[in-house]
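Single-letter residue listing:
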Amino acid sequence: MASASLDAAWIALGLSLKVALWATALDLVLGVAAGFALARLRFPGRELVDSILLLPMVLPPTVLGYYLLVVVGRRGWLGGWLEGTLGIRLVFTWQGAVLAAAIVAFPFVCKSARAAFEGVDVQLEQAAHVLGLGKVAVFFRVTLPLAWRGILAGLLLAFARAFGEFGATLMVAGSIPGKTQTLSIAVYEAVQAGQDDLANLLVVLTSATCVAVLLLAGRIAPMRIPGRS
Amino acid sequence: MLRRVVAVSLVIASGVAAAADLTVSAAASLTNAFQQIGTAFEAANPGTKVQFNFAASGPLLQQIARGAPVDVFASADQETMNQADQQKLVKPATRANFVSNSLVVVVPADRPATKSLDDLARPAVRQVAIGVPAIVPAGRYTKAALEKAGLWPRIEAKMIGAQTVRHVLDYVARAEVDAGFVYSTDAALMPDKVKIAFTVPTEQPVLYPIAVVAASSNAAAERFVAYVASPPAQAVLARYGFGKP
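Residues numbered from 1 in each chain as written. Chains lettered and ligands numbered in written order. Predicted model: local features only at pLDDT ≥ 70, side-chain atom pairs only at ≥ 80, totals over all residues.

**Focus: the overall build of chain B**
Looking only at helices and strands, chain B features 11 helices and 10 strands. Here the C-alpha radius of gyration of chain B, 19 Å, is about what a compact globule of 245 residues would show, namely 18 Å. In terms of overall dimensions, chain B has C-alpha extents of about 55 × 50 × 35 Å along its principal axes. Expressed as a percentage of its 245 residues, the buried residues of chain B come to 45%. Relative to all contacts within chain B whose residues are 6 or more apart in sequence, the contacts with residues 24 or more apart total 77%. (Helix = DSSP H or I, 4+ residues; strand = E, 2+ residues; numbered from the N terminus. Rg over C-alpha atoms; globule rule 2.2 N^0.38 Å. Buried ≥ 20, exposed ≤ 12 C-beta atoms within 10 Å, placed from the backbone. Contact = placed C-beta atoms within 7 Å.)

The following block contains the structure:
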């Protein structure tokens, strides 16, 4: 096997991990906030908002990719503004790949966070409040630790989903080796070009990584991963 | 509404393609012209349904090599067809060149046009869309032309690789890149969004070959290949800007 394709495979793996980690980090903040809001706030249209936030899970990735291209592209209303005022470009950049991956993986965190927060006994929070903790302190010292297991399970699923993201990423970030060509896209391109050696190497690497993630997941949150209870 | 429901139900209920269906794998740049030719061919051959599979020529070859049930293959370059020939995937006697095309540089319609390949190497041009040379014939023609001009390494550094020549066109139309290499027939499809900056002289002429796939037993395959060379089909291809072979 040529060492060039070995190098290409490691670069693609590194990029996939980088994109998936950033996307998961983004979803940790946004998904936990949205999940908490949905679990605790009462407002009209709450279930509608919940459905809309879940959309990325059911919509085909190509549809999401197209939406993103229209919104964050150079000619899109957000993309034009980002580039004009902040000099940020998302299309054909790894940040664009992070955005696409974060959106498709978002529902996993949001949904599990909501369920986890709803499972937290409100009396414990009230007790902490009575004992003198402020609202923010109650959240970080009581609510979040109690909900953490469920959120973590969601985060692991989100990471797995982000790691394997293909359709929306290809549409938004393209396939630039070393920059936006993640493992899943590199596999696609190697097969298209008939480079079976490279494709074989890439799928073995991808499978091994996924097994490692699942083993890790089983160790961190043994009770929450489906099929491992 | 009811008709649509019926149509959708039929699609869901129907199984694999009927035996009489003719499957044509064709280069992405042929999409619009071939769809029209397919309709005309069906009208001229009652009972025959033509289904198209459009992609870059490279992946089409890979599909045929792995046993995809294809009857006719039309690629955008000789090299891909030569590979098909070497792997005995097509019937050599049926191979014929049916159109020619030219490689052009396009830019978004509202941008000043670059004038030469050298201009593309300048820092003002930040990103250039090119079909991935290992997959897309247009990318291969581009790479050869840029290598001859001694510009390939500098332009490769700002290359955005695309999966088909039509992706290149789309990237330029959305102004996501500053320029792109497509065929003149592609550029003609979006006159309001892209404009041709200049024509790129290619090492080899852009000639499209067509051939019957070796594994095909469909009698309509040879008729389709012959039809593509006939005056009505050639008139359609000419209308989309393709040249005589």
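**Let's talk about the overall build of chain A**
The number of helices and strands found in chain A is 10 helices and 0 strands. The linear arrangement of helices and strands in chain A, starting from the amino end, is α-α-α-α-α-α-α-α-α-α. Principal-axis analysis of the C-alpha atoms gives chain A an extent of 65 × 45 × 30 Å. The burial tally for chain A puts 40% of its 229 residues in the buried class. Contacts in chain A between residues at least 24 apart in sequence constitute 73% of all its contacts with a sequence separation of at least 6.

**A short note on the domain arrangement of chain B**
Residues and elements named next belong to chain B. Examined at the domain level, chain B breaks down into domain 1 (2-100 + 206-239) and domain 2 (103-200). Between domain 1 and domain 2, the C-alpha centre-to-centre distance is 27 Å. Mapped by element, the contributors of at least two residues to the side of domain 1 that touches domain 2 are α2 (31-44), α3 (57-65) and α4 (78-86). It is α3 that provides the largest number of residues to the side of domain 1 that touches domain 2, a total of 3 residues. Grouping the constituent residues of the side of domain 1 that touches domain 2 by class yields 7 nonpolar, 7 polar and 2 charged. (Domains from an automatic or database assignment. Nonpolar A, V, L, I, M, F, W, Y, C, P; charged D, E, K, R; others polar.)

**Considerations on helix α2 (residues 46-58) of chain A**
The end-to-end C-alpha separation of α2 of chain A is 19 Å, in line with the 18 Å expected for 13 residues at 1.5 Å each. Residue I52 of chain A marks the point of greatest curvature in α2 of chain A, where the axis turns by about 25°; the proline P56 of chain A follows within four residues. (Expected span 1.5 Å × (residues − 1). Bend = angle between axes of the 7 residues up to and from the residue.)

**Topic: the sheet that holds strand β2 (residues 50-55) of chain B**
All names here are of chain B. With mixed pairing, 5 strands are arranged side by side in an open sheet as β2-β1-β3-β10-β4. A strand with exactly one partner marks an edge of an open sheet, and here the two such strands are β2 and β4 (96-101). Averaged over all neighbouring strand pairs, the angle between strand axes comes to 20°, with direction disregarded. Bridging between strand β3 (residues 72-74) and strand β10 (residues 206-212) involves 3 bridges; their strand directions are antiparallel. Within β10, the residue paired with V72 across the bridge is V212. (Pairing = 2+ DSSP bridges. Axes fitted to C-alpha atoms, helices over the stretch in contact; angles between N-to-C directions.)

**Describing the environment of K18 of chain A**
With respect to the element layout, K18 of chain A can be found in helix α1 (residues 3-40). Along the sequence, K18 of chain A and R141 of chain A sit 123 residues apart, while their C-alpha atoms lie 30 Å from each other.

**Digging into unusual backbone geometry**
Even without glycine at this site, F92 of chain A takes up a positive phi of about 65°. Note on placement: F92 of chain A falls in the loop between α4 (77-86) and α5 (94-118).

**Some thoughts on the confidence of the model for chain A**
All names here are of chain A. Here chain A shows a mean pLDDT of 89. Residues at 70 or above account for 95%. Mean pLDDT values for the elements of chain A range from 87 in helix α10 (residues 196-220) up to 95 in α5. Throughout residues 224-229 the model reports pLDDT below 50, and contacts reaching past four residues in sequence, or to other chains, amount to 9 contacts. (pLDDT = per-residue confidence, 0-100.)

**With respect to the interface of chain A and chain B**
Chain A puts 13 residues into the contact, and the matching count from chain B is 12 residues. Looking at side-chain class alone, the side of chain A that touches chain B contains 5 nonpolar, 5 polar and 3 charged residues.

**Looking at the pairing of strand β6 (residues 128-131) of chain B**
Residues and elements named next belong to chain B. Taking every second residue as pointing to the same face, both faces of β6 are buried, with V128 and I130 on one and A129 and G131 on the other. Of the pairings in the sheet, the one linking β6 to strand β7 (residues 159-162) comprises 4 bridges and is parallel in character. Bridge pairing in β7 links V128 to M159. The pairing of β6 with strand β8 (residues 179-183) spans 2 bridges and is parallel. Residue pairing for β8: V128 is matched across the bridge by A179.

**A short note on the confidence of the model for chain B**
Across chain B, the average pLDDT comes to 92, with 93% of residues at or above 70. This prediction of the complex comes with two scores: 0.85 for pTM and 0.79 for ipTM.

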